[in-house]
Amino acid sequence: MSDRQSSNAYWQANLKIIYICIAIWALVSYGFAIILRPLLSGIKIGGTDLGFWFAQQGSILVFIALIFFYAWRMNKLDRDHGVDE
């Protein structure tokens, strides 16, 4: 594989990881906390409904988990393409 092809493959894989993270973030932040909140209002967690919980706590926890997921996947991707530290 040429240098250019390898570089393109690396960036395509990087973009795929970013798109997955953004999709999960949007689903949790906007989907569960705003759009689906009426459907989640009957489910109680921590003394409040699940939609409110996602808006206040869940989206933050998912965002932190996404940061660790992204770092882990990028480290693996870097190793696979020989650009690790």
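Residues numbered from 1 in each chain as written. Predicted model: local features only at pLDDT ≥ 70, side-chain atom pairs only at ≥ 80, totals over all residues. Heavy atoms only, no water.

Enquirer: Describe the overall build of the protein chain, listing the residues and the values that go with them.
Expert: Of the regular secondary structure elements, the protein chain holds 3 helices and 2 strands. Helices and strands in the protein chain line up, N terminus first, as α-α-β-β-α. A compact globule built from 85 residues would reach a C-alpha radius of gyration of about 12 Å, whereas the protein chain, at 18 Å, exceeds it by more than 25%. Seen through its principal axes, the protein chain has C-alpha atoms that stretch 55 × 20 × 15 Å. The 85 residues of the protein chain split such that 24% are buried. Pairs at least 24 residues apart make up 59% of the contacts formed inside the protein chain by residues separated by at least 6 positions. As presented, the protein chain carries roughly 6,200 Å² of accessible surface, and 64% of it is formed by carbon and sulfur atoms. Where the 7 positive side-chain charges of the protein chain centre and where its 6 negative ones centre are 11 Å apart. (Helix = DSSP H or I, 4+ residues; strand = E, 2+ residues; numbered from the N terminus. Rg over C-alpha atoms; globule rule 2.2 N^0.38 Å. Buried < 20%, exposed > 50% of the residue type's maximum accessible area, 1.4 Å probe, protein only. Contact = heavy atoms within 4.5 Å. Areas by Shrake-Rupley, 256 points an atom, 1.4 Å probe, with all protein chains shown as cover. Lys, Arg positive; Asp, Glu negative; His and termini not counted. Charge placed at Lys NZ, Arg CZ, Asp CG, Glu CD.)

Enquirer: Tell me about the UniProt feature "domain: Sodium symporter small subunit" (unreviewed entry) in the protein chain, and name the residues and values.
Expert: Listed under "domain: Sodium symporter small subunit" (unreviewed entry) in the UniProt record, and renumbered for this structure, are residues 8-84. Secondary structure within residues 8-84 divides into 82% helix and 5% strand; the distance between the first and last C-alpha atoms comes to 16 Å. (UniProt positions renumbered as here; feature names shortened; annotations may be inferred.)

Enquirer: Explain the UniProt feature "transmembrane region" (unreviewed entry) in the protein chain residue by residue, including any values.
Expert: Per the UniProt record, "transmembrane region" (unreviewed entry) is found at residues 17-40 and 52-72. Helix makes up 96% of residues 17-40 and strand 0%, whereas the separation of the span's terminal C-alpha atoms amounts to 28 Å. Secondary structure over residues 52-72 splits into 100% helix and 0% strand, and the C-alpha atoms at its two ends are 30 Å apart.

Enquirer: Account for the environment of methionine 74, naming residues and giving values.
Expert: Of note, methionine 74 is situated in helix α3 (residues 50-80). In sequence terms methionine 74 and isoleucine 18 are 56 residues apart; their C-alpha atoms lie 9.9 Å from each other. Other than its neighbours up to four places away in sequence, methionine 74 contacts Tyr10, Asn14 and Ile17.

Enquirer: So, the packing of aromatic side chains: which residues are in play, and what are the values?
Expert: Two measures describe an aromatic ring pair: the distance that separates the ring centres and the angle between the ring planes. Inspection of every chain in the model, using the stated rule, returns 5 aromatic pairs. Taking 4.9 Å as the distance between ring centres and 45 degrees as the angle between the ring planes, the aromatic pair formed by phenylalanine 32 and phenylalanine 54 counts as tilted. Taken as a pair, phenylalanine 32 in helix α1 (residues 3-35) and phenylalanine 54 in helix α3 lie far apart in primary sequence, 22 residues in all. Taking 5.4 Å as the distance between ring centres and 75 degrees as the angle between the ring planes, the aromatic pair formed by tryptophan 53 and phenylalanine 54 counts as edge-to-face. When its relative accessible area of 12% is taken as the criterion, phenylalanine 54 is described as buried. Following the ring pairs from residue to residue traces out a cluster consisting of Phe32, Trp53 and Phe54. (Phe/Tyr/Trp six-rings, centres within 6.5 Å; stacked < 30°, edge-to-face > 60°.)

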